[in-house]
Amino acid sequence: MTSKVRRRTLVVGVTATLLLTGCGGNGEPAGSSGGNGLEKTTIKVGAMPVPDPVSLHIAIAKGFFKAEGLTVEPVAITGGAVAGPQIKSGQLDITQNNYVSTLLAVSKGEKFKLVADMYQAAANTFTIMVPKDSKIQKVADLKGKTVLVNNFRNIATLAVTTQLKVAGLTEKDVNFAEKPFPDMGNALQAGQADAAWLTEPFITATQSKLGFRKIADTMTGQTEDLPIAGWMASDEWVQKNPKTLAAFQRAIAKAQELVSNDRKELEAMLPKYTKIDAKTASVITLGTFPTSLSANRLQKVADLMLEYKYLETPIDVKSVIATPSDG
């Protein structure tokens, strides 16, 4: 399969083997469940304005959650590093989270569980960009420069660091600064930083509207086909709300199956929750939407984090993946 075909291939993102239908557990009722016996019928779900969680918005629009007796209220987040505390405090029930942030939090003792896979990188889906008139031509030129990332110590900084290594640099040779993805383009234009780590739809948008240039694809070499993000909840929430979680998973699975079979569904939805027009949505480069939470694939992330000292000790990712017995 060519890289072009692979980048544009969408596959089902949640597998039936992850459904926790058989779980037990007593949760706190939150109103009528329409006969489905859900522990909670209204949940808040964190998601970023990027293609990764498109199935969440499609499931809402198509009534898939409603059919499960579930009302989902999406909450905009800037990244996984800030979503973790919101899950812990109960501000969010479930959230999108990049795997680096999740595993880092778990290594520090947080009780989080991965409940479904969401997105995996492909070539040119996460790149380092600079303004068109920048003197920066290659990664080595970033020495002493400021690079924008959406959150510190997450997939962004790890991905950039792998490319710095190839160029003979370390993360200490650059200055990382936080900025939400939608604001990075204007920040670079204003001279607030020298480069930015961008994902779609912001790669295409900044290229077409601002003339930005790519100096590196950060999903090559060690990070080729790297698992990026999944849906996460607290261990306590998983145990208390197995039926609610199963309903969420079924609706997400249905939405991802729909989008995997018809890219037009994705293209129609992106302009509704991202700052991107329909024309750009039709040409953006996409990663893949895995069918299951594979421990073997996710272990690659944990091992990479250990190598770059994001983790002090190894993590067996099997212990972080929710299973029916968790309920």
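Described in the following lines is the structure provided in the data block. All of these numbers come straight from a predicted model, not from anything done at the bench. Note on numbering: residues in each chain are counted from 1, in written sequence order. In keeping with the predicted nature of the model, local features appear solely for residues at pLDDT of at least 70, side-chain atom pairs appear and are counted solely at 80 or more, and the whole-chain, interface and lining totals rest on all residues. Remark: hydrogens and water are excluded; side-chain values derive from all non-hydrogen atoms of the structure.

Observations regarding the pairing of strand β10 (residues 227-234)
Phase 1 of the analysis: Buried residues are those whose accessible area, probed at 1.4 Å on protein chains only, stays under 20% of the maximum for their type, while exposed residues exceed 50% and partly exposed ones sit between those limits. By definition, any uninterrupted DSSP run of H or I lasting at least four residues is a helix, any uninterrupted run of E lasting at least two residues is a strand, and each is numbered from the N terminus. Among the eight residues that make up β10, eight are buried, leaving the element largely enclosed by the rest of the structure.
Phase 2 of the analysis: Two strands are counted as paired when DSSP detects at least two bridges linking them. Here strand β3 (residues 94-98) runs beside β10; their pairing, made up of four bridges, is antiparallel. For N97, the partnering residue across the bridge sits in β10 and is G230.
Phase 3 of the analysis: Where strand β4 (residues 112-120) lies against β10, seven bridges are found, and the strand directions are antiparallel. Residue D117 lies in a different strand from β10, and its bridge partner there is G230.

Regarding the sheet that holds β4
Phase 1 of the analysis: Pairing within the open sheet is mixed, and its five strands lie in the order β2-β1-β3-β10-β4. A single partner strand is all that each edge strand has here, and the edge strands are β2 (71-76) and β4. Within the sheet, the average angular offset between the axes of one strand and its neighbour, ignoring direction, is 25°. The axes used here are C-alpha line fits, helices contributing only the stretch in contact, and every angle between their N-to-C directions lies in the interval 0 to 180 degrees.

Description of the pattern of salt bridges
Opposite charge on two side chains allows them to pair when their charged atoms are near.
Phase 1 of the analysis: A carboxyl oxygen of Asp or Glu within 4 Å of a side-chain nitrogen of Lys or Arg is what we treat as a salt bridge. This structure, assessed with the given rule, holds twelve salt bridges.
Phase 2 of the analysis: One salt bridge connects E171 with R153, and the closest N-O pair in it is separated by 3.3 Å. You can see E171 sitting in the loop between α6 (155-166) and β7 (175-178) and its partner R153 sitting in the loop between β6 (146-149) and α6, a full 18 residues away along the chain.
Phase 3 of the analysis: Three or more residues are tied together by salt bridges with common partners; here these are R263, K264 and E267.

Topic: the packing of helix α2 (residues 54-61) against helix α10 (residues 242-261)
Phase 1 of the analysis: At their nearest, the axes of α2 and α10 sit 8 Å apart, and the two run at 100° to each other. Classified by the interaxial angle, the pair formed by α2 and α10 is roughly perpendicular. Facing α2, whose interface residues are S55, L56, I58 and A59, α10 presents F248, A251, I252, A255, Q256, L258 and V259.
Phase 2 of the analysis: Taken together, the residues of the contact of α2 with α10 break down into nine nonpolar, two polar and no charged. Orientation is classified from the angle alone, with under 35 degrees giving roughly parallel, over 145 giving roughly antiparallel, 65 to 115 giving roughly perpendicular, and any other angle giving oblique. Any two residues whose heavy atoms approach within 4.5 Å at even a single point are treated as in contact. The nonpolar class holds Ala, Val, Leu, Ile, Met, Phe, Trp, Tyr, Cys and Pro. Asp, Glu, Lys and Arg form the charged class, and all remaining residues, Gly among them, are polar.

Considering the packing of aromatic side chains
Phase 1 of the analysis: Ring pairs are drawn from Phe, Tyr and Trp, using the six-membered ring of Trp, whenever the two centres fall within 6.5 Å, and their geometry is named by plane angle: stacked under 30 degrees, edge-to-face over 60, tilted for the rest. Per the counting criterion, the structure on display carries six aromatic pairs.
Phase 2 of the analysis: Considering the side-chain rings of Y119 and F126, the 6.4 Å spacing of their centres and the 65° angle between planes classify their relative orientation as edge-to-face.
Phase 3 of the analysis: Summarising the aromatic geometry, the rings of F126 and W197 are spaced 5.2 Å apart at their centres and angled 15° between planes, so their arrangement reads as stacked. Here F126 is found in strand β5 (residues 126-130), whereas its partner W197 is found in strand β8 (residues 195-199), with 71 residues between them in sequence.
Phase 4 of the analysis: A residue is classified by how much of its surface remains accessible, and F126, at 3% relative accessible area, is buried.
Phase 5 of the analysis: Judged by relative accessible area, which is 1%, W197 ranks as buried.
Phase 6 of the analysis: Within the aromatic cluster, the residues linked to one another by ring pairs are Y119, F126, F181, W197 and F202.
Phase 7 of the analysis: Against the face of Y310 rests R153, its NZ or CZ located 3.7 Å from the ring centre. We call a charge positioned above a ring when the Lys NZ or Arg CZ atom is no farther than 6 Å from the ring centre and deviates by at most 35 degrees from the ring normal.

Details of the sheet that holds β5
Phase 1 of the analysis: Spatially, β7-β6-β8-β5-β9 is the arrangement adopted by the five strands of the open sheet, whose pairing is mixed. Where the open sheet ends on each side, the last strands, each with one partner, are β7 and β9 (213-217). Between one strand axis and the next, the sheet turns by 35° as a mean value, whatever way the strands run.
Phase 2 of the analysis: With four bridges joining them, β6 and β7 adopt parallel strand pairing. Note on β7: the bridge partner recorded for V149 is E178.
Phase 3 of the analysis: The strands that α6 touches are β5, β6, β7, β8 and β9; relative to β8, the one it contacts most, it runs at about 115°.

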